[in-house]
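Fold and contact review
Residue strings, one per chain:
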Amino acid sequence: MKPTRRSWAEPFKIKVVEPVRLTTPEQRLRAIQEAGYNTFLLRSEDVYIDLLTDSGTSAMSDRQWAGMMLGDEAYAGSRNFYHLEEMVQKYYGYKYLIPTHQGRGAEHIVSRVLIQPGDVIPGNMYFTTTRLHQELAGGRFEDVIIAEAHDPASEHPFKGDIDLDKLAALIREHGRERIPYVSVAATVNMAGGQPISLANLQAVRELTARHGIRIILDATRVAENAYFIQQREPGQQGRSIASIVMQICSLTDGCTMSAKKDALVNIGGFLGLNDQDVFEEARNLVVVYEGLHTYGGMAGRDMEAVAVGIEESLDDDHIRARVGQVLYLGGKMREWGIPIVLPIGGHGVFIDARSFLPHLPQEQYPAQALASAIYLDSGVRTMERGIVSAGRNKETGQENKPRLELVRLTIPRRVYTQAHMDVVAESVLSVFEGRAAVRGLRMVYEPRYLRFFQARFEPL
Ligand code: F0G
């Protein structure tokens, strides 16, 4: 019989492999107990399929590895810096480049340069490190994402959009004097990898331009955002990913970038800027906190891998396969009735832990408990993105209680096959069938900053 549809496959073949280890249920129980029921504290040796994060976990291409051999490890003026600068200018369009060791290094610098104590920074949902750096600089983050973003079942195509009324109200209340910039993330991580539309970003640009307020883009997953614009936004079909990315960046004044995601490297990041005075101040600070302004904490070879990775990340076939794999996994889980955030996101599938474990109140850390249960079932490692990640209110010390209580199954780029995705989906289904037996947790150790990384728990 003739097939009714034609499949397509990854636009690469595998040249090097890394064996992974299968574990027994007893080994996994011991491992998760030793890790204090926190998947961040597991040893990667004890993990079978690692969906903790898509950050720094990509498989590099042969061209990137070849580039690593061309590392110019001069302390100052490495040729790899100039190559990276050229790629940032060519593909993102920012005039000035400040390299940093990873995304949070760029967030630190830009927050210190632009934020004064008492400032308010509006943004489309917080990200953990971004918000913390804004707070450490004396600012306060205000969420202005559209309401649909907080509803896992809403199928709004652009749940990363900004609520323009909320933003306008904040500007009326605080004025441009207290709002140094709007913090706009492309594919909003904490909302489930949800994109912002070009039309919304254009409207935000018009509004902020009227008040002389900057926009700083979190470009970490901007290529994935561009893919959703190409697929979903009226009038954008047929455009290349590269041209959409360039347009997104052109609507902003600068960006922070964790190259560990879109740009397909294991370490690296940067700050892209257009204003000369902001650039000069950032260049003064980078030498204090990161490294000289022509390496910023990266080796020459790392900068070369980023330079090559940027180009590869904007290839239309690459991005279709990358997001396509996430959609494949999410599609299976959705078909089986497992509650996930819809639409399926760009970098991972996010399970709605409230609906999955309705018997657990938020105080018992349902998403943390679910991540442990999935690990125990199959050795698949996932990440909590709920009340533990949300931390405490800076002023009151109370736990922030986000509406979204999620477990993130994040797909590394170019690393796993479709068969791995099948194994993952089947494991989640098996936990779903036995979900009544999943118990809540209590926190027994809580670090002061970014507690989710190192907190420890015990089953109730
Ligand atoms: N912005 C976003 C949207 C991110 O997802 C991350 C990192 C950063 C900034 C910070 O970049 O890690 O290079 O310092 N996200 C990782 C994750 C950790 O697992 O989602 P970084």
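Only a predicted model underlies this, so the values are computations on that prediction, with no experimental measurement involved.

1. A look at the sheet that holds strand β12 (residues 406-410)
Paired through their backbone hydrogen bonds, the strands of a sheet run either parallel or antiparallel. A sheet is described by the order of its strands in space; here 3 strands give the open sequence β9-β12-β11, paired in antiparallel fashion. Sheet topology places β9 (348-352) and β11 (383-385) at the edges, where each strand pairs with a single neighbour. Averaged over neighbouring strand pairs, the angle between their axes works out to 35° when direction is ignored. Helix α12 (residues 316-335) rests against β9 and β12 of the sheet, and its axis sits at about 25° to β9.

2. Structural notes on the domain arrangement of the protein chain
Looking at the protein chain, the domain boundaries give domain 1 (25-54 + 316-459) and domain 2 (63-313). Each of domain 1 and domain 2 has a C-alpha centre, and these two points are 26 Å apart. Domain 1 puts 34 residues into the contact, and the matching count from domain 2 is 44 residues. Per-residue buried area on domain 1 facing domain 2 is highest for Ile 319, Pro 343 and Leu 404; these three make up 18% of the total on that side. Where domain 1 packs against domain 2, one counts 5 salt bridges.

3. Structural notes on the site of the ligand
The full set close to the ligand counts 17 residues, and Thr 53, Arg 104, Asp 218, Ser 258 and Lys 261 are the nearest of them. Here an oxygen atom of the ligand and a side-chain polar atom of Arg 408 are 2.7 Å apart. Its free accessible area being 470 Å², the ligand has 95% of it covered by the protein chains. Considering every element that reaches the shell around the ligand, the biggest residue donor is helix α4 (residues 103-114), with 3 residues. Its residues assigned to classes, the shell around the ligand shows 2 nonpolar, 8 polar and 7 charged.

4. Some words on a nonpolar patch on the surface
Together, Phe 12, Ile 14 and Val 17 line one region of the surface with nonpolar side chains, adding up to about 320 Å² of accessible area. Within the fold, Ile 14 resides in the segment before α1 (25-34).

5. Considerations on the pairing of strand β6 (residues 214-218)
Counting buried residues along β6, 4 of its 5 residues qualify, which places the element largely inside the surrounding structure. Examined bridge by bridge, strand β5 (residues 181-185) and β6 share 5 bridges and lie parallel to one another. Each residue of the ladder has a partner; that of Tyr 181, found in β6, is Arg 214. In the classification by handedness, the crossover that spans β5, the intervening helix α7 (residues 198-211) and the parallel β6 is right-handed. Bridging between β6 and strand β7 (residues 254-258) involves 3 bridges; their strand directions are parallel. Of the residues in β7, the one forming a bridge with Asp 218 is Thr 256.

6. Remarks on the nonpolar core
Among the nonpolar cores identified, the biggest contains 57 residues, and Leu 84, Tyr 92, Leu 217, Phe 270, Val 306 and Ile 310 are the most heavily contacted of them. Every residue in contact with Leu 84, bar those within four places of it in the chain, is listed here: Leu 97, Met 298, Met 303, Val 306, Ala 307 and Ile 310. Ile 32, Tyr 37, Ile 338 and Ala 367 belong to the second largest nonpolar core, which has 50 residues in total.

7. Thoughts on the packing of aromatic side chains
As enumerated under the stated definition, the model contains 10 aromatic pairs in all. Where Phe 81 meets Tyr 82, the ring centres are 5.1 Å apart and the plane angle is 80°; that geometry is what we call edge-to-face. Taken together through their ring pairs, the aromatic side chains of Phe 40, Phe 452 and Phe 453 make up a single cluster. Seen from the ring of Trp 8, Arg 320 lies directly overhead, with NZ or CZ sitting 4.5 Å from the centre. A cation sits over an aromatic face here: Arg 385 above Phe 452, 4.8 Å from the ring centre.

8. Section: the side chain of Arg 408
Tracing the sequence through the fold places Arg 408 in strand β12. Buried Arg 408, no salt bridge; nearest opposite-charge side chain is Asp 54, N-O distance 4.7 Å. Within polar-contact distance, the side chain of Arg 408 engages the backbone oxygen of Leu 52 at 3.2 Å. In terms of polar contacts, Arg 408 uses its side chain to reach the side chain of Asn 189, at 3.0 Å. Setting aside chain neighbours within four positions, we find Arg 408 in contact with Leu 51, Leu 52, Thr 53, Asn 189, Arg 221, His 347, Val 349, Phe 350, Thr 382, Met 383 and Arg 385.

So, how was this worked out
- Residues numbered from 1 in each chain as written.
- Predicted model: local features only at pLDDT ≥ 70, side-chain atom pairs only at ≥ 80, totals over all residues.
- Heavy atoms only, no water.
- Pairing = 2+ DSSP bridges.
- Helix = DSSP H or I, 4+ residues; strand = E, 2+ residues; numbered from the N terminus.
- Axes fitted to C-alpha atoms, helices over the stretch in contact; angles between N-to-C directions.
- Contact = heavy atoms within 4.5 Å.
- Domains from an automatic or database assignment.
- Buried area = accessible area lost by both parts, 1.4 Å probe.
- Salt bridge = Lys/Arg side-chain N within 4 Å of Asp/Glu carboxyl O.
- Near = heavy atom within 4 Å.
- Polar contact = N/O pair within 3.5 Å; in protein donor to acceptor, adjacent residues only side chain to side chain.
- Areas by Shrake-Rupley, 256 points an atom, 1.4 Å probe, with all protein chains shown as cover.
- Nonpolar A, V, L, I, M, F, W, Y, C, P; charged D, E, K, R; others polar.
- Patch = residues over 30% accessible without salt bridge, like charges linked within 9 Å, V, L, I, M, F, W, Y side chains within 5 Å.
- Buried < 20%, exposed > 50% of the residue type's maximum accessible area, 1.4 Å probe, protein only.
- Right-handed = clockwise from strand over helix to strand, strands pointing away.
- Core = buried A, V, L, I, M, F, W, Y, C linked by side-chain atoms within 4.5 Å.
- Phe/Tyr/Trp six-rings, centres within 6.5 Å; stacked < 30°, edge-to-face > 60°.
- Lys NZ or Arg CZ within 6 Å of the ring centre and 35° of its normal.
- Lys, Arg positive; Asp, Glu negative; His and termini not counted.

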